[in-house]
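# Descriptive analysis of the structure
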Amino acid sequence: MAASALPTPISSPPPPPRRQPSPLPTSIPAQAQPRSKKPPSIRARLAQLCQDGRPLDARQLFDEIPDPTTVLWNTVVIGFVCNEMEEEAVEMYARMKGCASAKFDAYTYSSVLKACAELGDLRVGKAVHCHVVRCQVMPSRVVDNSLLNMYSSCLGSGSGEMECMEFDGVKCDLVYRVFGSMKKRNVVAVNTMVAWYVKTRRFGEAVRLFRNMMSTGIKVTPVSFVNVFPAILSLGSVNMARLYYGLVLKLGSEYVVDKFVVSSAMVMFSELGYLDLARRIFDQSVERDTEVWNTMIAAYVQSNRPGDAIQIFLEAFESGWTVLDEVTFLSVLTAASQLQELELAEQLHTLVVKNSMVSEVMIVNTLIVMYSRCGSVETSFEFFNSMTERDTVSWNTMVSALVQNGFDNEGVMLVHGMQKEGFSVDSITATALLSASSNLKDPDLGRQTHGYLIRHGIKFEGMESYLIDMYMKSGLIDIARRLFESSNSEEIDQATWNSMICGYTQSGLYEEGFTVFREMLLIGVMPTPVTLASILPTCSPMGSIALGKQVHGFAVRQFMDGNVFVGSALIDMYSKLGAITYAESVFGEASEKNPITFTNMILGYGHHGMGEKALSLFFSMQGSGFQPDAITLVAILSACSYSGLVDEGLKIYQSMERDYGIRPSSEHFCCVADMLGRAGRIADAYEFITNLGEEGNLVGTWGSLLAACKIHREFELGKLVSQKLIEMENQNRNAGYHVLLSNMYADEGEWNNVVQLRKGMQERGLRKDAGCSWIEIAGSVNSFVSKDHNHSQADRIYNMLQDLATEMRDPSYKPPPISRRSGSSELDE
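Procedures and definitions
Residues numbered from 1 in each chain as written. Predicted model: local features only at pLDDT ≥ 70, side-chain atom pairs only at ≥ 80, totals over all residues. Heavy atoms only, no water. UniProt positions renumbered as here; feature names shortened; annotations may be inferred. Phe/Tyr/Trp six-rings, centres within 6.5 Å; stacked < 30°, edge-to-face > 60°. Helix = DSSP H or I, 4+ residues; strand = E, 2+ residues; numbered from the N terminus. Buried < 20%, exposed > 50% of the residue type's maximum accessible area, 1.4 Å probe, protein only. Lys NZ or Arg CZ within 6 Å of the ring centre and 35° of its normal. 1 Å grid on protein atoms, 1.4 Å probe; cavity = no way out; pocket = protein on both sides within 12 Å on 5 of 7 lines; lining within 4 Å. Points joined across faces, edges and corners; volume = space filled by probe spheres on them. Nonpolar A, V, L, I, M, F, W, Y, C, P; charged D, E, K, R; others polar. Contact = heavy atoms within 4.5 Å. Expected span 1.5 Å × (residues − 1). Polar contact = N/O pair within 3.5 Å; in protein donor to acceptor, adjacent residues only side chain to side chain. Patch = residues over 30% accessible without salt bridge, like charges linked within 9 Å, V, L, I, M, F, W, Y side chains within 5 Å. Areas by Shrake-Rupley, 256 points an atom, 1.4 Å probe, with all protein chains shown as cover. Salt bridge = Lys/Arg side-chain N within 4 Å of Asp/Glu carboxyl O. Arc of directions from axis to C-beta. pLDDT = per-residue confidence, 0-100. Disulfide = S-S within 2.5 Å. Core = buried A, V, L, I, M, F, W, Y, C linked by side-chain atoms within 4.5 Å. Axes fitted to C-alpha atoms, helices over the stretch in contact; angles between N-to-C directions. Parallel < 35°, antiparallel > 145°, perpendicular 65-115°, else oblique. Left-handed = near helix turned anticlockwise from the far one by under 90°.

For the protein, the name recorded in an unreviewed UniProt entry is Pentatricopeptide repeat-containing protein, with Kalanchoe fedtschenkoi as its organism. Quoted straight from UniProt, the Subcellular location (unreviewed entry) entry for the protein says "Plastid, Chloroplast".

This is the structure we're talking about:
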C-alpha cells in the first residue's frame, strides 16, 4: 500500500488567524479560549477504518504497532468479521496465537467463532473450542452462545449424519452437549437451541424447549417466535399455531409489529392451509417491508391463487415506498405463468425491464417459463438465445419448455447443444428427455437416456415412473413390466403404480391394468385419485359396469369421489356403459367441477341422443364460470349431430372464433360435415367441405360425407366423394371407407366394382376391424368376434348356434316366451 494511503499523524491544531488590533484592549474569558482537539486513540482509528469498509488498511496500521493490546487485536478481528472477510479474521486469530504477549478474552473467542460459523469450518471451530477449554478460567456466556452458534451452523443438514459424535462409545449431540454444559442460559442460547432442533427436524423438542424457556422465566424475544413457528408448521397443528400467535398478540406491540414475526406467522398459517389467517395478519401489519409483501405474494402463488398474488403485487407497486426486489418479481412472474395470460405477462415483463432486472439470470429463466406457459414458446426461445450468461437451470428450463409445448425434437436437439457447451445432463434434463421419448414414442432415445442415467449413477424421485411411462408409450411393454417387477413392491411409490396401470390401459391391456390395481390394494398401497381416474376408463371397453361400480364404491369409501378427476372419469365410464342416469347422478352430486366434467357429461348426452340436454348443459357451463375449450365444442357439435339439431349446431360452429376465441380444426370440420350429412343435407355438406379448401381435404370429413351418401342413397355424389378418397390414398389406410364404398356399389348392383375394390383392399393389406360383442356372466366378461375360435367354450357355442339355426328353419318352430326379471336393468337405467 502506498504511503499516502496511510493515515497521517494528527498534529496540534494550527494557530487561529491573526485579527486586526482592537482600539480598546479586551480580555478573553478562560472558557472562551480555543481548546485543542484530543487526538483519537489507536483503537478508535482502527475501528473507524473497519466501519468505513477498509479492514485491510486497519490491519496495515495495526502491523505498525509494536506491542498491540488484546483490545487492538479484537478490534481488527471483529472488523474483518463485520466486513464479511471471515478467512482474514481466522488468519488474525492464528497470528494472535503465535504472539507470546497476546492475551485472549471472551470477545476474541466469540468473534473468531462467529467467523467459523459463517465459513462453516467445523475443523477450525473445534480447534478454537479446545483453546477455550484450555485457556479460559472463568466461563463466559458470550463464548458459550458463540460455541452454540458455531456448532449449529457447521453441523448437520437434518440427515443425522454429522450432528453427533461418539464419546466413550455413546453418540452425543455436540450442540446439546454445549447447551447442557452452560451454567447460565439466556434467551440467545435457547433461541439457538430451538433453531437447531428445527434444523435437525426435531420439531417436538423445539416446541418443548420453547415452553420450558417461558416456564423458567426467560423472557422470549421476537426471534424466539421466528424460530419456533417453523416447528409448529412441521407438526401440522393449526390449534398450536393459533395458540402461539395468540401469545404474540398478548405480549404486545413490540412483537406484533416485528416484521420477521409477521412474515414467519404468515408463512406458518398459509402453509397450514389457512390463507385467510395469513391475509388477516398481513392486513393488520403496521409496517410492511419488502419481506412482508413478498411473503404474502408467495403465499398466494403457492396456494395456486395467482389472481390474488397479482393484486397484492399491484398494491405494493402503487404504494410507492416499497422496494421491489428480485424475489418479488420471481413470485409475480410465476403467478402470471399460472394464469397463462399473455397480455399480463408482457406487462409484467415491461416492469422487469424498467426495474433493470432483465439481466438477472434467475429472472430471465422465470421469463422463459412464463412465456412458454402462456403459449408463446417462440418468445421464450428468443430470450434464451439472447442470454449472454446461462446456467444449467437456463438450459433445463428451455428444454422443458420446448417439450411441454410439443416441440420434442427441438428439445432433444437443444440437449445436444447443452452438452457441447460443457453442461452436464442432470435429473431435470433426463426428465425432459424421457417425456420427449414418451411423446415421440421413440424407444431408441428412451433407451439412450436410461443408459445415461445408469452410467452416471443419476437417480431422482419418480424416475421409475418416468421410465415405465416411456417404455409403455414406446411399445416396449415387456421392458416396462420387467422394470416394474424388478423393483421392491414395498418401495414402489404411488406414481410408479399409476404409470404401470395407465400404461396398460393406454395399450389396451385392460385386464393387466386391473391385475396391477388389485396387487396395489393387496400390499396396502393406497390408490390416489389419479389411480382411480386411470383405472375407470378400462371398465368401458371391458363392458363391465359391475367393476365400474366397485371402483366407484371404493372411491366413496375413501372420500375420493369428490375429486374432480375421479368424478369426470365416473361420468365418462357410466355414460359409455349405457347407464346415463348414473352419470347424471354423479354429475349432479359433484362438489367440484371443471371443463372436463362438463365435457364428459355433454358427450354422454350426445351419445344417448339427448341433444337438448347437451345444449342446456353447454350454456349452463358458461353460466358456471367455465369457458368451453376446443374439445367441449367437439362434444356439443357431436351431440347436435346425433340428435339432428343442425341449426343449433351450425350457430355454435359459426360463433367459435367470435365468442370463444377458438379457431375451428379438423375435428370440428368433421362434426359439421357429419351433422349436415346425417340430416340429409348432402349438398350443403359437400359445399361446406369444398369451401374449406385445403383445410377440408381430410379423410374424416370426406368419409363422413361418404357415409351420408350411403345412408341417403346419393350414389352419384358418393362416386365423386369416393374418387376424392382414392386420391388421398397415401393418407387413407382406413379399410372402413373402402368397405362403405363397396357396399354402395353392391346396393346399386355394380358387382364388378365391388370385386375390384375388395381385390384392391387385399393387395394393399387393408382389413376391416371386426365388430365385437360381449356379455358379463358371474363377474366374467365374455367377448365374441365373427369367426373367432379363441373362446374357451367355442365348440359348445358354435354347436348351440347350429342347433338354433336348425330349429329356426323348422316351419313349426315357435320362440319361447321372454321372461323378465323383476326390477329394472342396470343398462335400462
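Note on aromatic pairs: each is described by the distance of the centres and the angle between the planes. As enumerated under the stated definition, the model contains 27 aromatic pairs in all. Ring plane angle 45 degrees and centroid distance 5.9 Å describe the contact between Phe225 and Phe229, whose orientation is recorded as tilted. Note that Phe225 and Phe229 are positioned in helix α11 (residues 222–235) at a spacing of four residues, about one turn of the helix. Classification of Phe225 by relative accessible area gives buried; the value is 0%. Relative to Trp293, the ring of Phe282 lies with its centre 5.2 Å away and its plane at 75 degrees, an arrangement referred to as edge-to-face. In this pair, Phe282 is assigned in helix α15 (residues 275–284) and Trp293 in helix α16 (residues 290–302), connecting sequence segments 11 residues apart. Both residues of the pair, Phe282 and Trp293, count as buried. A cation over an aromatic ring shows up here: Arg288 above the ring of Phe282, its NZ or CZ 4.1 Å from the ring centre.

Right, let's get into empty space enclosed by the protein. Under the counting rule described, the total for this entry stands at two cavities of 30 Å³ or more. Considering only enclosed or pocket space, the second largest cavity measures out at about 40 Å³ in volume. Tyr245, Val256, Val257, Val262, Ile281, Gln284, Ser285 and Val286 together form the lining of the second largest cavity. Here the lining of the second largest cavity is built from residues that sort into six nonpolar, two polar and no charged.

Our next topic: the environment of Ile310. You can see Ile310 is positioned in helix α17 (residues 306–319). Sequence separation between Ile310 and Ile297 is 13 residues, and the spatial gap between their C-alpha atoms is 7.6 Å. With residues near it in sequence (within four places) discarded, Ile310 still touches Val332, Ala335, Ala336, Leu339, Leu344 and Leu348.

Once that is clear, we can look at the UniProt feature "repeat: PPR" (unreviewed entry) in the protein. The residues that UniProt annotates with the feature "repeat: PPR" (unreviewed entry) are residues 105–139, 186–220, 289–323, 391–425, 493–527 and 594–628. The span residues 186–220 carries 74% helix and 0% strand; its end-to-end C-alpha distance comes to 10 Å. Counting secondary structure, residues 391–425 comes out at 74% helix and 0% strand; the distance between its end C-alpha atoms is 12 Å.

Let's shift gears to helix α14 (residues 259–271). For α14, built from 13 residues, the straight-helix expectation of 18 Å at 1.5 Å per residue is met to within 8% by its first-to-last C-alpha distance of 18 Å. The complete set of buried residues in α14 reads Val261, Val262, Ser263, Ser264, Ala265, Met266, Met268, Phe269 and Ser270. Where the residues of α14 are buried, they touch α11, α12 (238–251), α13 (253–256), α15 and α16. Its side-chain oxygen placed 3.0 Å from the backbone nitrogen of Phe260, Asp258 serves as the N-cap of α14. Immediately beyond the C-terminal end of α14, within one or two residues, lies Gly273, with a positive phi of roughly 95 degrees.

Turning to a nonpolar patch on the surface, a few remarks are in order. Taken together, the side chains of Tyr798, Met800, Leu801, Leu804, Met808 and Tyr813 present a nonpolar region at the surface, about 550 Å² in accessible area. Looking at Met808, the relative accessible area reads 53%, which means it is exposed.

All right, on to the environment of Pro230 then. Secondary-structure assignment places Pro230 in helix α11. Residue Pro230 is classed as partly exposed on the basis of its relative accessible area of 33%. Between the C-alpha atoms of Pro230 and Val207, which are 23 residues apart in sequence, the distance is 9.9 Å.

Bringing helix α2 (residues 55–63) into the picture now. Buried within α2 we find Pro55, Asp57, Ala58, Leu61 and Phe62. The buried residues of α2 occupy an angular sector of 155 degrees when the element is viewed end-on, so they sit on one face. On its buried face, α2 sits against α1 (42–51), α3 (70–82) and α4 (86–98).

Let us look at the confidence of the model for the protein. With 83% of its residues at a pLDDT of at least 70, the protein reaches an overall mean of 82. Here residues 166–171 is a poorly scored stretch, pLDDT under 50, and it has six contacts once near neighbours within four places are set aside; other chains count. Every residue in residues 819–829 is under pLDDT 50, and counting partners more than four places away or in other chains gives 10 contacts.

Turning our attention to the pattern of salt bridges. The final tally for this structure, using the stated rule, is 14 salt bridges. When the shortest N-O distance is used, the salt bridge between Lys613 and Glu584 registers 3.0 Å. Of this pair, Lys613 sits in helix α36 (residues 611–623) while Glu584 sits in helix α34 (residues 580–589); the two residues are 29 residues apart in sequence, bridging distant segments of the chain. Using a relative accessible area of 23% as the deciding quantity, one classes Glu584 as partly exposed. Residues Arg658 and Asp659 are paired through a salt bridge, measuring 3.2 Å at the closest nitrogen-oxygen approach.

Moving on, we come to the state of the cysteines. Going through the model one piece at a time under the given rule, you end up with zero disulfides. No disulfide involves Cys82; its nearest neighbouring cysteine sulfur is the one of Cys50, lying 7.9 Å away. In this structure Cys116 is not part of a disulfide, and its nearest cysteine sulfur, from Cys154, lies 6.7 Å away.

On to the nonpolar core, then. Of all hydrophobic cores here, the largest spans 226 residues; its most connected members are Val128, Met150, Tyr151, Phe229, Ile232, Leu348 and Ile636. A per-element tally of this core places helix α9 (residues 187–199) first, with eight residues. Residues in contact with Ile636, not counting those within four places in the same chain, are Ile602, Ala614, Leu615, Phe618 and Ile652.

Structurally, Asp572 is set in helix α33 (residues 564–576). The exposure class assigned to Asp572 is buried, which follows from its relative accessible area of 15%. Sequence-distant contacts of Asp572, that is, excluding residues within four places in its chain, are made with Ser540 and Asn600.

Now for the packing of helix α18 (residues 326–339) against helix α20 (residues 361–373). Two elements in contact, α18 and α20, have axes separated by 8 Å at closest approach and are oriented at 10 degrees. The angle between the axes of α18 and α20 places the two elements in the roughly parallel class. Counted together, Glu326, Phe329, Leu330, Leu333, Thr334, Ala336 and Ser337 of α18 and Met362, Ile363, Thr366, Leu367, Val369, Met370 and Arg373 of α20 form the full contact between these two elements. In the contact of α18 with α20, the residues fall into nine nonpolar, three polar and two charged.

It is at 7 Å that the axes of α33 and α34 come closest, and there the two elements cross at 165 degrees. Judged on the interaxial angle alone, α34 and α33 are roughly antiparallel. The way α33 lies across α34 gives a crossing that is left-handed. Of the residues in α34, those in contact with Gly567, Leu570, Ile571, Tyr574 and Ser575 of α33 are Ile580, Tyr582, Ala583, Val586 and Phe587. Residue composition of the contact of α33 with α34, by class: eight nonpolar, two polar and no charged.

What follows concerns unusual backbone geometry. In this structure, Arg201 is a non-glycine residue whose phi angle is positive, near 60 degrees. Position of Arg201 relative to the elements: it lies in the loop between α9 and α10 (203–215). Notably, Gln340 is not glycine yet its phi reads approximately 55 degrees, a positive angle. Its location among the elements puts Gln340 in the loop between α18 and α19 (342–354).

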